[in-house]
Amino acid sequence: QMCIIVSIYSGSLTYIISLLQGIKKNPPKKKTYIFINKKIFDLHQDLIRKCKNLIIIKVPEFYTLSYFKIFWIQIVLPLKLKKLKIEKLLSPLNICPLVSNYFKIKTTLILHSNLPWVKFNLMPGNFIKKKIIKYFMQKSLEKCDHIVCVSKTSKEELSKILKPNFRKKIKYLYLSLNEEFYKKKNNHYLKNVKYEQDYILSICSCAKYHNILKLIQSFDVFIKKYNTNLKFYLVLTILDQIYFDEIMSYINKKKLQNKVKIILNLNSRFLFNLYKYSNAYIFSSYSESFGYTSLEAMKMSCPGAISNHSSSKEINGNAALYFNPNYVNDI
């Protein structure tokens, strides 16, 4: 028997939806349990095919909140796995139960971020929260049987972190585009966006490692230097409220309210046309294991300017322009 944990935070929702679609296209041959966030199930239950080997267990929403999530994964989940006599576990979002090996459960961990080791100070949350997250991620890497990174670059970064005897269990597997998203006719337009005007686009979680403030500072310099009517649409999910307040303070101070449009917690169905009509996509992260949105932008023929840090050149190749995210003028 196999178990798959499906949760949600920030940009991982796109990945989870693709995972569910993969399961729908390839129904399991052995009995498989999916522990899934109730909210995701309610919104995307059409993606899960009903078949005799698939059993859905909906997890209450409050278990996705901060410390409750850790409590559920480390205490509640292992007891359920033991009761169900699970043999294999896929944990697709950075952390797995640390006691899995005591229950003789083979665990595969998907690691989407090396942030706790390469840019710890830029992680969202207070110092204690960041330390707790790093601890459980570190221990998860040590306790699991297989580690799958999402790029060769992130695998190489991780290999420097882990002890030599753990390195042999690391592999990498690229993320892929959700082709179904692009096949369907998309008529979802935001009422407060003028698609006919010139604008650039950036989509990311609001956290310091995404370097949003410096990106807006660069935009401010750019529009003044070239006297352009270009707009900037910034689609965000807030992970760091203090950093978001700092960004809004800068926008107000520089009177950029009519130039920079912040769009919060946007449903993914609206992204199609935001990409489609954008003049360019810009992504300024200091640390990224893959950078999924840059791939989506390319799929919509939207030219990209991307930070030259981490895995960006590996993923985007010669299809993008690159800049040093440390310098406003370079951006």
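Since we're looking at a predicted model, the values are computed, not measured. (Residues numbered from 1 in each chain as written. Predicted model: local features only at pLDDT ≥ 70, side-chain atom pairs only at ≥ 80, totals over all residues. Heavy atoms only, no water.)

1. Looking at the environment of isoleucine 56
Thought 1: Relative to the helices and strands, isoleucine 56 is located in strand E3 (residues 54-59).
Thought 2: The sequence separation of isoleucine 56 and phenylalanine 41 amounts to 15 residues, and the corresponding C-alpha distance is 9.1 Å.
Thought 3: Discounting chain neighbours no more than four positions away, the residues touching isoleucine 56 are Ile34, Ile36, Phe41 and Ile48. (Helix = DSSP H or I, 4+ residues; strand = E, 2+ residues; numbered from the N terminus. Contact = heavy atoms within 4.5 Å.)

2. Looking at the packing of helix H3 (residues 66-84) against helix H5 (residues 127-143)
Thought 1: Where H3 meets H5, the closest approach of the two axes is 11 Å, and the angle between their N-to-C directions is 20°. The orientation of H3 with respect to H5, classified from their angle, is roughly parallel. Here the hand of the crossing between H3 and H5 comes out left-handed. Residues Ser66, Tyr67, Ile70 and Gln74 of H3 touch H5, and the partners they reach there are Lys129, Ile132 and Phe136. (Axes fitted to C-alpha atoms, helices over the stretch in contact; angles between N-to-C directions. Parallel < 35°, antiparallel > 145°, perpendicular 65-115°, else oblique. Left-handed = near helix turned anticlockwise from the far one by under 90°.)

3. What to know about the pattern of salt bridges
Thought 1: Inspection of the entire model under this criterion finds four salt bridges.
Thought 2: For glutamate 142, the salt bridge is made with lysine 139, and the minimal N-O distance between the two is 3.6 Å. Here lysine 139 and glutamate 142 lie together in helix H5, a separation of three residues that amounts to about one turn.
Thought 3: Here glutamate 142 falls in the partly exposed class, since its relative accessible area comes to 22%. (Salt bridge = Lys/Arg side-chain N within 4 Å of Asp/Glu carboxyl O. Buried < 20%, exposed > 50% of the residue type's maximum accessible area, 1.4 Å probe, protein only.)

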